[in-house]
Amino acid sequence: MENFAALIAASINSGTPLLIAALGLLINERAGVLNLGAEGMMLVAAIVGFAVAHQTHMPWLGFVAGAVAGMLMATLFAWLTLVLATNQVATGLALSIFGGGLSAFIGQSFVGQSLPGGGHGIPYLSDMPFLGKALFDQHGIVYFSLLLCMAIAWFLYRSRAGLILRAVGESPESAHALGYPVRKIRYIALLFSGACCGVAGAYLSVVYTPMWVEGLVAGRGWIALALTTFATWRPARVLLGALLFGSVTILQFHFQAIGIAVPSEILSMLPYLATIVVLVLISRNPDWIRLNMPASLGKPFRPGSA
């Protein structure tokens, strides 16, 4: 039972950065903006968060720095796509490549260095048999991510601001005609998304690893992007998907620990293979995706044409 509890805890730990990043991406996609630069934002935030935590010995400050770094990267994307009207797909890919190079450059002097770990969990509850180890022996950011998921679900479906955000994503021309500042709303959505990707990246380098190596994010930004489609842009399904992909990621280490004779290269492919399989399965019914996808996703907004 202890091994099973440890497996559950590790799956939740692995799925947390995916959940936080995907929730942020869900918000900007609900606003009609497609940002493929999540990988780059997470990489820059990971090294900035690690560097600040390493230099100040304050992990919480690393999360703040990661969020700020993610927001700065999102600001660059917003300026290019919303002000200069560049192609969102090409700009997002460029941002991802730029973030990979920038993080490698900044992190040269931090390669191989580590942070002290441990000391997490909820007092008393973490001492419970089975449930304590499985659910209550986690970092505070894990519980923050669950609260964030509930808050976003309430915001999207129970608040006027969430209704306006969804309206901007469905029909920006109509929202503009009603007097809503479409570009401003999309800009705020992108900043929120950048902050979420920043916290997710900082979590990887400050808590999950905790150390810095080049390419630390290892494709999780792309998995988070796929997760929003898998979840059909719904927060509760994002949570379930993050736990699923987190479990698949941990299974590769579990199989190695129990001695299953499978090449390590194949085990390392499991999270990405699962992502491809899920996308193929949900793409078999394009109408289902079309009904749930924001109608203006990835399309530029030009007020003069409204």
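Everything numeric in this text was worked out from a predicted model, so none of it was measured. (Residues numbered from 1 in each chain as written. Predicted model: local features only at pLDDT ≥ 70, side-chain atom pairs only at ≥ 80, totals over all residues. Heavy atoms only, no water.)

**Here's the deal with the overall build of the protein chain**
Scanning the protein chain from terminus to terminus reveals 13 helices and zero strands. Mapped from its N terminus to its C terminus, the protein chain presents α and β elements in the order α-α-α-α-α-α-α-α-α-α-α-α-α. Against the globule reference of 19 Å for 306 residues, the protein chain gives a C-alpha radius of gyration of 19 Å, in line with a compact fold. The C-alpha extent of the protein chain, read off along each of the three principal axes, is 60 × 45 × 40 Å. Split into buried and exposed, the 306 residues of the protein chain put 48% on the buried side. Counted over contacts in the protein chain with a minimum sequence separation of 6, partners at least 24 positions apart contribute 78%. (Helix = DSSP H or I, 4+ residues; strand = E, 2+ residues; numbered from the N terminus. Rg over C-alpha atoms; globule rule 2.2 N^0.38 Å. Buried < 20%, exposed > 50% of the residue type's maximum accessible area, 1.4 Å probe, protein only. Contact = heavy atoms within 4.5 Å.)

**A few points about the pattern of salt bridges**
Here the structure, examined in full by the defined rule, presents one salt bridge. Between D137 and K133 there is a salt bridge, with the nearest N and O atoms lying 4.0 Å from each other. Assessed through its relative accessible area of 31%, D137 is described here as partly exposed. The exposure class of K133 is partly exposed, given its relative accessible area of 42%. (Salt bridge = Lys/Arg side-chain N within 4 Å of Asp/Glu carboxyl O.)

**Describing the packing of aromatic side chains**
Applying the stated criterion across every chain, the model contains three aromatic pairs. A ring pair is formed by F50 and F110, whose centres lie 6.1 Å apart and whose planes are at 90°; its orientation type is edge-to-face. Of this pair, F50 sits in helix α2 (residues 38–56) while F110 sits in the loop between α4 (88–106) and α5 (131–135), placing them 60 residues apart in sequence. You can call F50 buried: its relative accessible area is 0%. Relative accessible area serves as the criterion here: at 12%, F110 is assigned to the buried category. Between the aromatic rings of F230 and F245, the centroid separation amounts to 5.9 Å while the plane-to-plane angle is 75°, which identifies the pairing as edge-to-face. Of this pair, F230 sits in helix α10 (residues 220–230) while F245 sits in helix α11 (residues 235–257), and the two are 15 residues apart along the sequence. With a relative accessible area of 22%, F230 lands in the partly exposed category. On the basis of relative accessibility, which here comes to 2%, the residue F245 falls in the buried class. (Phe/Tyr/Trp six-rings, centres within 6.5 Å; stacked < 30°, edge-to-face > 60°.)

**Details of a nonpolar patch on the surface**
Together, M58, W60, V64, V68 and L72 make up an exposed nonpolar region whose accessible area comes to about 500 Å². With respect to the secondary-structure elements, W60 resides in helix α3 (residues 59–83). By relative accessible area, which is 55% here, W60 ends up exposed. (Patch = residues over 30% accessible without salt bridge, like charges linked within 9 Å, V, L, I, M, F, W, Y side chains within 5 Å. Areas by Shrake-Rupley, 256 points an atom, 1.4 Å probe, with all protein chains shown as cover.)

**Describing the nonpolar core**
Ranked by size, the top nonpolar core spans 79 residues in total, and within it F63, W212 and V238 carry the most contacts. Looking at which element gives the most residues to this core, the answer is helix α9 (residues 182–208), with 14 residues. Sequence-distant contacts of F63, defined by excluding residues within four places in its chain, comprise H139, I141, V199, A202, Y203, V206 and V207. (Core = buried A, V, L, I, M, F, W, Y, C linked by side-chain atoms within 4.5 Å.)

**What to know about unusual backbone geometry**
With phi around 55°, A218 is a residue other than glycine that occupies positive phi space. Considering the arrangement of structural elements, one finds A218 in the loop between α9 and α10. With a relative accessible area of 35%, A218 lands in the partly exposed category. Residue W233 is not a glycine yet carries a positive backbone phi of 60°. Locating W233 in the fold gives a position in the loop between α10 and α11.

**Structural notes on the packing of α2 against α4**
Viewed as axis vectors pointing N to C, α2 and α4 meet at an angle of 15°, and their least axial separation amounts to 7 Å. In terms of axis orientation, α2 runs roughly parallel to α4. Seen along the crossing, α2 lies across α4 with a hand that is left-handed. Contacts between α2 and α4 involve E39, G40, M41, L43, V44 and I47 from the former and L95, S96, G99, G100, L102, S103 and I106 from the latter. The residue inventory of the contact of α2 with α4, partitioned by class, reads seven nonpolar, five polar and one charged. (Axes fitted to C-alpha atoms, helices over the stretch in contact; angles between N-to-C directions. Parallel < 35°, antiparallel > 145°, perpendicular 65-115°, else oblique. Left-handed = near helix turned anticlockwise from the far one by under 90°. Nonpolar A, V, L, I, M, F, W, Y, C, P; charged D, E, K, R; others polar.)

**Comments concerning the packing of helix α7 (residues 160–170) against α9**
Running from N to C, α7 and α9 point in directions that differ by 110°, and their axes come no closer than 10 Å. Relative to α9, the element α7 lies roughly perpendicular. In this structure, α7 contributes I164, L165 and V168 to the contact, and α9 contributes V182, I185, R186 and A189.

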